[in-house]
Each structure stands twice: as structure tokens, then as C-alpha cells.
Amino acid sequence: MSTAAIADSHAADHGHDDHDHHEAGFWRKYFFSTDHKMIGMQYGYTALFFLAFGFYLMLCMRWSIAFPGEQLPWYLRLFLVDKFVSNGVMDGGLYNMFGAMHGTIMVFLGIVPLGFAAFGNYVTPLQIGAIDMAFPRLNMASFWCFFIGGIMMLGSFFMPSGAAQVGWTNYSPLATTAQLDYPSVFWTGQTMWLLSMVFIITSSLLGAVNFIATIINLRAKGLTWMRLPFFVWAMMVTGFLLLLAFPPLEVAAIMQLMDRLAYSSFFVPQGLLIDGQPFNVSGGGSPLLYQHLFWFLAHPEVYVLLLPAIAIVAEVIPANTRKPLWGYRSMVYGVLVLGFLSFIVWAHHMYMTGMGAWVSAFFQTTTVLISVPSVILLTCLLISLWGGSIRFTVPMLWATAFLPMFGIGGLTGLPLAFNLIDLHLHDTYYVIGHFHYVVAPGVLFGLFAGIYHWFPKQTGRQMNTFLGHLHFWPSLVGMNMLFAPMMVQGIAGFHRRWYDGGLSFPLTTEKPLFEAGTFFSKIFANGEVITLRDLNILMTYGAGVLALAQIPFIINFFGSQVFGKKTHSDNPWKATTFDWATPTPPPHGNFTSEPVAYKGPYEYSVPGDSDDFSPQWEPTKKEDSKPEEEPALV
């Protein structure tokens, strides 16, 4: 269906005054906007705030691990620490609270909203030639559900009980029975965690429906399925993942709420003892049921985190190599297979629950199989670099660094597919290192590439290149200083929840990594023995380097919006997709005329062309180019 065909329905949905030439009021424009670009920016700024807050929680935890029993420095105590401990020293309870909230905030309030909601909202309608999302008011409702959920999550820190403390997975029966000794169970951090998750999941479901409807119905004339940019394919698959995987977790959250507030027993077994006393509920529930519901969402959620980053890299690389995306069709089919397989691997997180050999064998097989489409995507991106005239712009630096970082994250996950190995590595720092290589230097590097890539289109100004390099190189070093040693510690048996860095378990943590007098001990420890626990200090310094590296980004991101060099072209990267055919910044309605697609999304360095790029919206020179048509899907 063409953009022109739906213009009237959009006008009705936006309201009669949205498409005339009257300027919207301040609140309508910046807070209650139905314009997909403003909503994308709302998601983006909010998600960046939550990422910064989640990073702060991690810095506090890393200090506790590296320097157990020592007072946190003043700049880490400014916000929350002094509220919970009087001496500025983190104890186990505060560490558990920060750990639970770090994981929750980074995943559900940071990376997913930034990757899928922010970039997806801003870029997807532009790339398919649409004037907006299919359901603009639903889009606004989606953001406000997310925002309310985020405020509730932050507000839980200031309740008498503090925030949730039982891990980001919120397993029952521990989560069901935590913080029950307060006068009002409703006004506890554990209950607020569940309520906020209901709002966050509702937001994701509304957004997923909107994305799927938009991509299927609002593509421009001539924009057939195999002319869609890979970014759009990834957003549609991500939408389906959210739509199908999030409802089980929302149901689980509501059931756990009933267990806490109404004393039901969905996840509470019989014979449960609390402080030596029988827990006064009927019992008969299944804690394993909660794990199944959680992980049925949480493994597709990994690809909800990952696919937007891969999609961004797939847009940045062709624009900076000046050649087509290699294996475009293979990548499309690969991402579709990846989406399907992501629903049948969840129980590899549950090998420790005692599943039978046949069930275990099934999930081991599917977990190995899902690596195949992942390798296809990574291989296509790597080969796309071959023979290209590479421009190492700042977005390209982040995109190329994404490839090996994601590769490390994926390869270190393969051993965990096998239950024999997972029995040893489960709940160790190896798992933490593997997961963080995927979502930190992996996903976040892709998202940073997107910020630098589309910043000129959003603002009409360019980010400073020097500050971009000052952001990238220390981030690359800091990320690897932080996460690479986790692999070594995890193989040695370091548990992921030792708040004192393993000080209480010297038989494991005091094993020598480098004996006294060896080469590395002479360089780093004056010839003294370096133990596995000493890696905690190295990782904490890495976290500090990573934190300092974000200062140039903050200055660059906000300063360039005011002082950045103005772009003199609507297409500064000389790219080929529809998002670069709009005025800069794109106005309400996006396009000045109806966009028409005449060719594929990555027509770079076409033989016989005078330029090294051939945009989708320009007719080919061979004929008067009638755009391809395809039967309507509705």
C-alpha cells in the first residue's frame, strides 16, 4: 500500500490540526507528540538516562568487588549509597539490590528502548517511505507506558524496603517471599518491580504491533520485500519476537503479584519454610513454572537486544565501504530463521534444574543450531568489508569494532550450549563475561554507531570527529579490560554473586594467575604473585576507563546539537535508502513528495554509473523505470 493511499487515514488519526501548517504547542510537540520522530527521540533520551544510571550501579558493585570493606569514593556515594549504609561501605544486601536493578534497568529500560524503540521509531518509517507509524496514538501510549514503568522502577529505591534484591530474573519462591516483613507489602521494592514490569511489557507489546503493521502496510510504492533495507527486516523480526515472547513474562509477573498480594500459590511450593516457620499459604505451586515463563521471554530478548545493533551495522558498513551489502538475501533468510529458533532454546538456561537427558539433548541441539544464522549474519558483514573503499568515519569505527566483539560474545557462548560444561560454568563469571561481550561491546557499539550515523539527519549538524575518537578508543580498551578477565575467573570457578570479590573463598580466589618472578608479575606487581582475585582490580580500572570515555560522548552529543558544524546536504554520507531522501531534519510528514522505490537498498558502485551510489528513489538510466508492484498482503 502506498504512502499516498494511507494519507487520509493518518490525517484522521493525527487530528485535523496535525497536518495543516499550525505549529503544535509545547506540550503537544515535546511531551504528547504522535510524530514517530519525536517519540523516537523521547525513547532515546530516556533510554540513555537509564543506561547511565545502570552504569552507575555497576561502578558501585565493581568497587565493592575490587576493594571489599573499603568506603566508596565520594562521587559514587553522592546518589544512593549513603541512603542505605551509613559508612559508605557496600554490604551484601546493597550489592544484591544494585545487582538486581543493574540488570533490569540495562536490559528493559536501557538497551531495548534505545535499539528497538528509539532507532526503530525514528528510522523505520523513513526507510519505508511512510509519513508516520501505522498507529500514532498507540505509539505515544507505548512511550508513556514505558516511562511510567521506568519511574516506578526508579522510585522503588526510595521505599522503606529499598528496591528489589533477588536478581534481575526475580525467581520464585525467593522473590515471592522477599520483603514481606514490611507493614505494606504493596509499597515494597519487590512489588514495584513487578508492577513496573507490567507497564514496560505493555509498552513493548503496543510497539511491536505498531511496527509490524507499519512495515507490512505502509511501504512506499515499489518497495517490495526484497527492496527493504535490512534494518527494516530486523525491526519486523524484533517486533514478532516481542509480540510472541513478552506475554508469558507479563503473565508470570501478574501471577507473582497475586502470590505476593493475594497469597495465591502459582509459584509457591508446599512445605516452604521462612525463618524456620511454615509459610502460611496453600502451596502446591511450581517455582520451575516461573523459570520457564521467564526464560521463554529472556532468550528471544537476547535477540531483541542484538538485532537492532546488527541492523544498524548493516546500514553503516555499505555507506562507508561504497559497495553493496554482501549476501543481502542470506541475511534476510538468516534473521528469519534466527527469530524462529530463538523460541526453542530457552531451557539451556535451566540445565541445573535436573531436566531429563532427552529434553537436555533437544535444547543442546537447538542452541548449537541457532549459532548458524548468527554466523551467517556476521560472515556477510565481514565479507562486506572485503574490497571496499573503506571510510573510517566515527560510525564506521564503532561498526567495525562491533564485529569482533560480537564474535567473541557468540563464540564464548557455544560451550554453554552443552550441559556437561554448563554444570561447571553456571553462575560463574564466565557467563557474565559471555553475556556482556554480546550486549556491551557488542550491542552498545552498534547503537553508538547508529547515534553517530543518524545524528546529522536528526539535527542537521555533525558530531565532532575528534571527540568521537576520544569516545571510541578508550571505550574499546575499557570494555575489554572489564570483560575479558571475567572469562579467566569464571573458568577458575568465581561465582557471579560474591559481593566481596571472593575474599571469603580463598581456596578459589587466591590461586596464582602469574607466579612471582614471571614476566607479567614483574611488569604489574613488582615481581610478586598475581592471583585470580587481583583481576578484580584490573576490571574495576577498566570500568573507570569506560566511565571516563563517556564524558567526551556526553559533551559531543549535547554540544553538537547547538554548536556542531551544519550539514550542507540532506545525504551527507551519500547513502541509498529513503531515510536520506527527506529534508534535514525531517519535517512532520517526512517527505515533500510521494517516495517511489526503483531499485534495491544498497546500490553502491554500480558499473557504468557516474556516482558511487544510486539511491532507491532515483530512476535507473536504462529505462523510464516503472517501480515493481506486488500483491497486497491485506
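Being a predicted model, the structure only gives us computed values, none of them experimental.

Asks: Just to check I follow, could you spell out the overall build of the chain for this structure?
Replies: A count of helical and extended segments in the chain gives 20 helices and four strands. Principal axes of the C-alpha set define a box for the chain whose edges measure 80 × 65 × 55 Å. Out of the 634 residues in the chain, the part that is buried amounts to 59%. For the chain, the share of sequence-separated contacts (at least 6 apart) that also reach a separation of at least 24 residues comes to 78%. For the chain, the exposed surface amounts to about 25,800 Å²; the carbon and sulfur share of it is 67%. Charged side chains in the chain number 29 positive and 37 negative. The centres of these two groups are separated by 6 Å.

Asks: Hey, could you run me through helix α5 (residues 92-127) in this one?
Replies: Because the α-helix completes a turn every 3.6 residues, residues three or four places apart line up on one side. Here α5 spans 48 Å end to end across 36 residues, near enough to the 52 Å set by a 1.5 Å rise per residue. The sharpest bend along α5 measures roughly 55 degrees and falls at P113. Counting buried positions along α5 gives 33 out of 36 residues, so the element sits mostly inside the fold. Just beyond α5, the residue with positive phi is G129, at close to 75 degrees.

Asks: Explain the nonpolar core to me, please; I cannot follow it from the model alone.
Replies: Across soluble globular proteins, nonpolar side chains show a tendency to be buried alongside one another. Counting 193 residues, the largest nonpolar core has F98, I105, F157, F230 and L249 as its most contacted members. Residue contributions to this core peak at 21 residues, all from helix α10 (residues 287-321). Filtering out sequence-adjacent residues up to four positions away, I105 remains in contact with F50, F53, G54, L57, G110, M153, L154 and F157.

Asks: Please explain the side chain of R62 as it appears in this structure.
Replies: Looking at the secondary structure, you find R62 in helix α3 (residues 36-66). Buried within the structure, R62 lacks any salt-bridge partner; its nearest side chain of opposite charge belongs to D500, at an N-O separation of 11 Å. Once you skip the residues sitting within four places of it in the chain, R62 turns out to touch Y429, L482, M486, N536, M539, T540 and A543.

Rules behind the numbers
- Residues numbered from 1 in each chain as written.
- Predicted model: local features only at pLDDT ≥ 70, side-chain atom pairs only at ≥ 80, totals over all residues.
- Heavy atoms only, no water.
- Helix = DSSP H or I, 4+ residues; strand = E, 2+ residues; numbered from the N terminus.
- Buried < 20%, exposed > 50% of the residue type's maximum accessible area, 1.4 Å probe, protein only.
- Contact = heavy atoms within 4.5 Å.
- Areas by Shrake-Rupley, 256 points an atom, 1.4 Å probe, with all protein chains shown as cover.
- Lys, Arg positive; Asp, Glu negative; His and termini not counted.
- Charge placed at Lys NZ, Arg CZ, Asp CG, Glu CD.
- Expected span 1.5 Å × (residues − 1).
- Bend = angle between axes of the 7 residues up to and from the residue.
- Core = buried A, V, L, I, M, F, W, Y, C linked by side-chain atoms within 4.5 Å.
- Salt bridge = Lys/Arg side-chain N within 4 Å of Asp/Glu carboxyl O.

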